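# Summary of structural features
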Amino acid sequence: MRPHLALVRDPELSVVVFRREGWTAADYAAWSDRLLEDQVALVVPSSHQGAPVTRFAIVNPTTTREQLVTILDTMQ
């Protein structure tokens, strides 16, 4: 795991929710925009209990662990 990331909820089906320590809603939005612009992934900001988070909804059955790690590494 990454020390700057926290799992917010246990994964359910294909949804995983992360919080990036120290990030605001604007940080998540800028990160999401950058991922889309760079054609890395579509990961939209979300919220959990009123706090900003990111929510991975993995729908492509060919998504690999390595691809997910690459996305997480962009949150540094």
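Look a little higher up for the structure.
Read on for an overview of the structure. One numbering rule holds for all chains: residues counted from 1, following each sequence as written. It should be noted that, the model being predicted, local features are given only for residues of pLDDT at least 70 and side-chain atom pairs only at 80 or more, the latter also being counted only at that level, while totals for whole chains, interfaces and linings use all residues. Note that water and hydrogens are dropped before the side-chain values are worked out from all heavy atoms of the structure.

## Topic: the overall build of the protein chain
A helix here means a DSSP run of H or I that spans at least four residues, while a strand means a run of E at least two residues long, and both kinds are numbered starting from the N terminus. The secondary structure content of the protein chain amounts to two helices and four strands. Reading the protein chain from its N end, one meets helices and strands in the order β-β-α-β-β-α. Radius of gyration here is computed from C-alpha atoms only, and the compact-globule reference equals 2.2 Å multiplied by the residue count raised to the power 0.38. The C-alpha radius of gyration computed for the protein chain amounts to 12 Å, which stays within 12% of the reference 11 Å derived for 76 residues, consistent with globular compactness. On the principal axes, the C-alpha backbone points of the protein chain span a range of 30 × 30 × 20 Å. Any residue under 20% of the maximum accessible area for its type is buried, any over 50% is exposed, and the rest in between are partly exposed; the area is computed with a 1.4 Å probe on protein chains only. Expressed as a percentage of the 76 residues in the protein chain, the buried residues total 26%. Residue contacts follow a heavy-atom distance rule, with two residues in contact if any of their heavy atoms lie within 4.5 Å. Sequence-distant contacts, at least 24 apart, represent 50% of the contacts inside the protein chain between residues at least 6 apart.

## As for the side chain of T54
Summarising the element assignment, T54 is placed in strand β4 (residues 51-57). The buried category is assigned to T54, whose relative accessible area is 0%. With residues up to four places along the chain from it excluded, the contact list for T54 reads V16, V17, F18, Y28, W31, V43, V44 and M75.

## A word on the pattern of salt bridges
Note on pairing: side chains with opposite charge can pair once their charged atoms come close. Salt bridges, as used here, are contacts in which a Lys or Arg side-chain nitrogen is within 4 Å of a carboxyl oxygen on Asp or Glu. Applying the stated criterion to the full structure yields one salt bridge. Between E21 and R19 there is a salt bridge, and its shortest N-O distance comes to 3.4 Å. By relative accessible area, which is 34% here, R19 ends up partly exposed.

Purely geometric numbers; function is a separate question.
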